[in-house]
Amino acid sequence: MGLIVGLTGSIGSGKTTAASMLKDLGAFIIDADLLCRKLVLPNRPAWEEIVETFGKTILMEDQNIDRAKLADVVFNDKEKKTLLENILHPKVIEEEMRLCRQILNEHPHALIVIDAALLIESGNYKKVDKVIVVTCDQETLVRRAMERSSLTREEAQLRIQNQMPQEEKVKKADFILENNGSRDDFQTQVEKLCMELKAAV
């Protein structure tokens, strides 16, 4: 029957690390961000809608969307951010579900993990069997966000503030992975949870 699990967490929480560990433990990983990048390639339906909505000024010379420029446009404008999400979320979710069906056809007892930063915001948490939220304290979030994306402290804090608060994400969680300690501690938590999830498949 398989098990479809949604994995989420704020920028800097360690969500991607958890996904990598789960993959090493035999889970099938569907990366929402990777799907999103493919869906906005030139002349794909999402690309066309985004260009129609935001104009050609967001395009680079090779017709690819300039992600940094688009992020600047939507980051400080909630209406434009919502417009972009309304274009992308349904298409990403549709592709995730298609991939889940494909995996389960070949591996009926698969543990599938959808790695998605906006799992809850997009409403996709309603389509999965279980939700994992990776959390850590605020200072660690800021530090990791700065390191990962070469941001200033102010930029990292702004990114975090613009996301759904961790406390809200936790309300939708079936499992919480706390990532305040060492990588080994985190690995132990992930391994224990993976065993529990596999037992439920």
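Above this text sits the structure in question.
In this report, the structure presented in the accompanying data block is examined. (Residues numbered from 1 in each chain as written. Predicted model: local features only at pLDDT ≥ 70, side-chain atom pairs only at ≥ 80, totals over all residues. Heavy atoms only, no water.)

1. Some details on the overall build of the protein chain
Right, so step 1: Across its full length, the protein chain carries nine helices and five strands.
Right, so step 2: Each helix (α) and strand (β) of the protein chain, taken in turn from the N terminus, gives the series β-α-β-α-α-α-α-β-β-α-α-α-β-α.
Right, so step 3: Taking 2.2 N^0.38 as the reference for a compact globule, 201 residues should give roughly 17 Å; the C-alpha atoms of the protein chain span a radius of gyration of 17 Å, in line with that estimate.
Right, so step 4: For the protein chain, the spread of C-alpha atoms along the three principal axes comes to 50 × 40 × 30 Å. (Helix = DSSP H or I, 4+ residues; strand = E, 2+ residues; numbered from the N terminus. Rg over C-alpha atoms; globule rule 2.2 N^0.38 Å.)

2. A word on the packing of helix H3 (residues 45-54) against helix H5 (residues 78-106)
Right, so step 1: Close contact between H3 and H5 brings their axes to 10 Å; oriented N to C, the two are set at 165°. For the element pair H3 / H5, the angle class is roughly antiparallel. Every pair of crossing elements has a handedness; the one defined by H3 and H5 is right-handed. Where H3 abuts H5, its residues Pro45, Ala46, Glu49, Ile50, Thr53 and Phe54 lie against Lys80, Leu83, Leu84, Ile87, Leu88 and Lys91.
Right, so step 2: A per-class count over the contact of H3 with H5 returns eight nonpolar, one polar and three charged. (Axes fitted to C-alpha atoms, helices over the stretch in contact; angles between N-to-C directions. Parallel < 35°, antiparallel > 145°, perpendicular 65-115°, else oblique. Left-handed = near helix turned anticlockwise from the far one by under 90°. Contact = heavy atoms within 4.5 Å. Nonpolar A, V, L, I, M, F, W, Y, C, P; charged D, E, K, R; others polar.)

3. Considering the side chain of lysine 15
Right, so step 1: Examined against the element boundaries, lysine 15 turns out to sit in helix H1 (residues 15-24).
Right, so step 2: Note on lysine 15: relative accessible area 13%, which makes it buried.
Right, so step 3: Leave out the neighbours within four places in its chain, and lysine 15 touches Leu7, Thr8, Gly9, Asp115, Ala116, Ala117 and Val134. (Buried < 20%, exposed > 50% of the residue type's maximum accessible area, 1.4 Å probe, protein only.)

4. Re the side chain of glutamate 96
Right, so step 1: With respect to the element layout, glutamate 96 can be found in helix H5.
Right, so step 2: With no salt bridge to any partner, buried glutamate 96 finds its closest opposite charge in lysine 127, at an N-O distance of 9.0 Å.
Right, so step 3: For glutamate 96, the side chain forms a polar contact with the side chain of asparagine 124, separated by 2.5 Å.
Right, so step 4: With residues near it in sequence (within four places) discarded, glutamate 96 still touches Ile30, Ala32, Leu35, Ile114, Ala116 and Asn124. (Lys, Arg positive; Asp, Glu negative; His and termini not counted. Salt bridge = Lys/Arg side-chain N within 4 Å of Asp/Glu carboxyl O. Polar contact = N/O pair within 3.5 Å; in protein donor to acceptor, adjacent residues only side chain to side chain.)

5. Points about the pattern of salt bridges
Right, so step 1: Inspection of the entire model under this criterion finds ten salt bridges.
Right, so step 2: Note that glutamate 49 is salt-bridged to lysine 91, the shortest N-O span being 2.6 Å. Highlighted residues: glutamate 49 in helix H3 and lysine 91 in helix H5, separated in sequence by 42 residues.
Right, so step 3: Owing to a relative accessible area of 35%, glutamate 49 belongs among the partly exposed residues under this scheme.

6. A look at the nonpolar core
Right, so step 1: The biggest cluster of nonpolar side chains holds 36 residues, and the ones touching the most others in it are Ile30, Ile50, Ile65, Leu70 and Ile114.
Right, so step 2: Contributing elements (two or more residues each) for this core: helix H2 (32-39), H3, helix H4 (67-75), H5, strand S3 (111-115) and strand S4 (130-135).
Right, so step 3: Per-element accounting of this core gives the leading share, nine residues, to H5.
Right, so step 4: Excluding its chain neighbours within four sequence positions, the residues that come into contact with leucine 70 are Ile50, Phe54, Ile58, Ile65 and Leu84.
Right, so step 5: Formed by 19 residues, the second largest nonpolar core is a distinct cluster that contains Leu22, Val134, Leu193 and Leu197. (Core = buried A, V, L, I, M, F, W, Y, C linked by side-chain atoms within 4.5 Å.)

7. Brief notes about the environment of phenylalanine 75
Right, so step 1: Looking at where phenylalanine 75 falls in the secondary structure, it is placed in helix H4.
Right, so step 2: Sequence separation between phenylalanine 75 and arginine 159 is 84 residues; the distance between their C-alpha atoms is 8.7 Å.
Right, so step 3: The contacts of phenylalanine 75, once residues within four sequence positions are left out, are Leu158, Arg159 and Asn162.

8. A word on the sheet that holds S3
Right, so step 1: Read from one edge of the open sheet, five strands run S2-S3-S1-S4-S5, paired in parallel fashion. Two strands close off the open sheet at either side, each with one partner strand: strand S2 (28-31) and strand S5 (175-178). Neighbouring strand axes in the sheet, compared pairwise and without regard to direction, differ in orientation by 25° on average.
Right, so step 2: Across four bridges, S4 lies against S5 in parallel orientation. Residue isoleucine 132 lies in a different strand from S5, and its bridge partner there is phenylalanine 175.
Right, so step 3: Most of the contacts of H1 go to strand S1 (residues 3-9), to which it runs at about 150°, and overall it touches S1, S2, S3, S4 and S5.
Right, so step 4: Together, S2 and S3 form the strand contacts of H2, whose direction differs from that of S2 by roughly 45°. (Pairing = 2+ DSSP bridges.)

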